[in-house]
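Here are the chains, one letter per residue:
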Amino acid sequence: MSHRLLVVAVAVALLAAACGTTPSGGGGEVVGKTFHSTSVTEQGAPRALVEGTSVELRFTDDGRLLARAGCNQMQGPVSLDGGKLAVTDLSVTAMGCPRPELHAQDDWLAGLLGAGPSWRVDGTTLVVTGSGAEIVLAREVPAALEGGAWTVDTLITGDAASSVPGGVVATLVFGPDRVEVSAGCNAGTAQYRKSGQTLTFERVVLTDKACGPDEMAVEKAVTDALSGQVEYEVDGQALRLTNASGAGVGLRK
C-alpha cells in the first residue's frame, strides 16, 4: 500500500471511530444531564403546572430518557437524531398519585414525549416543542452528596424500578463519614467511606420495631442500598445507590 493510500485509510478509520462515539443529532449537548422546566406554554398561552411540580427530563449516558411531571416516573430508549426527541417503548410507573390533576399532568407529558417533539439547546437551556406545547428547561446543577436530606423516591431491583408507596418517607443525610438513616420504619446511623464512585458502608445500626408491609418494603430497599460496597451516582438533584446485585434506591434532594 502506498504512503498516500495508507494515510487515507488511517483517516477513514479515525473518522469512523469518531462517528461511532459521538451521540447522533448533537445529543452530546444533553446526554448525561438533567433539566427542569422554567416555563411551559400551550397553544401560545402559559400552561400552569400543578403547584409544587415541574417537568424533569434526564438523559442518561446509556441512551435512555427519564422524565417526571410531578408523580410517576417515565423512561424509555431515546433517539435525538435530526433535532427530534423520539422515545420508544415509554414505560410509566404505576404509583397512585394523591391528586387526579397529577395523573392528568403525567398523561399530558407522556403524550407530548410520545409524539416525537423537536428539541434544541441554547446555552444551558433546553427547549422541547411539540403537540402545540413548548417546554423551556434549565440544566440542573449537581447537588453535593453531603449536607441536606436525600429523600427516597424510587425502589430499584435489577432492571426494574418502582415508586415509593404513598405516605412512606425515607431519608438519608450524609456527613463527612457518617449517614443518618430514616428507613421508612426504623431509624439509625451507618459509617461510610468514599472512594471514586463507590461508598463502603459499615456498622449500620437501626431501631427494631415492626411496621406495615409498605414501610418494611421501603426499609428493605434502603438497607440493601447500605450493604457493603455500593455504587453511587449523583445527577443534578438525584442520587442513585445500587449494590453488587443491582438492588438499591433512587433519592432526590
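Whatever comes next refers back to the structure up there.
Here is what the cut-offs are and how they apply
Residues numbered from 1 in each chain as written. Predicted model: local features only at pLDDT ≥ 70, side-chain atom pairs only at ≥ 80, totals over all residues. Heavy atoms only, no water. Core = buried A, V, L, I, M, F, W, Y, C linked by side-chain atoms within 4.5 Å. Buried < 20%, exposed > 50% of the residue type's maximum accessible area, 1.4 Å probe, protein only. Helix = DSSP H or I, 4+ residues; strand = E, 2+ residues; numbered from the N terminus. Contact = heavy atoms within 4.5 Å. Polar contact = N/O pair within 3.5 Å; in protein donor to acceptor, adjacent residues only side chain to side chain. Expected span 1.5 Å × (residues − 1). Arc of directions from axis to C-beta. Pairing = 2+ DSSP bridges.

## Some thoughts on the nonpolar core
Counting 28 residues, the largest nonpolar core has L172, F174, F201, V222, L241 and V249 as its most contacted members. Counting residues per element, this core draws most heavily on helix α3 (residues 213-225), which supplies four residues. When neighbours within four sequence positions are excluded, F201 is seen to be in contact with F174, V179, A190, Q191, Y192, A225, L226, G228 and V230.

## What to know about the side chain of T93
Its location among the elements puts T93 in the loop between β7 (91-92) and α2 (100-114). For T93, a relative accessible area of 18% gives the class buried. A polar atom in the side chain of T93 sits 3.2 Å from the side chain of S163. Once you skip the residues sitting within four places of it in the chain, T93 turns out to touch N72, Q73, A161, S162 and S163.

## Topic: α3
For α3, spanning 13 residues, the distance from its first C-alpha to its last is 18 Å, which sits close to the expected 18 Å at 1.5 Å a residue. Of the positions making up α3, those classed as buried are V218, E219, A221, V222 and A225. Seen along its axis, α3 keeps its buried residues to an arc of 160°; they face one direction. Among the exposed residues of α3, those oriented more than 90 degrees off its buried face are P213 and K220.

## Remarks on the pairing of strand β1 (residues 34-42)
Where β1 meets strand β3 (residues 56-59), three bridges bridge the pair, whose relative direction is antiparallel. Each residue of the ladder has a partner; that of F35, found in β3, is L57. Bridge count for β1 against strand β10 (residues 133-139) is seven bridges, and the pairing is antiparallel. Along β10, the bridge assignment pairs E42 with A133. Where β1 and strand β2 (residues 45-46) come together, two bridges link them in antiparallel fashion. From the neighbouring strand, E42 faces β2, where its bridge partner is A45.

Any functional reading would require information that these geometric values do not contain.
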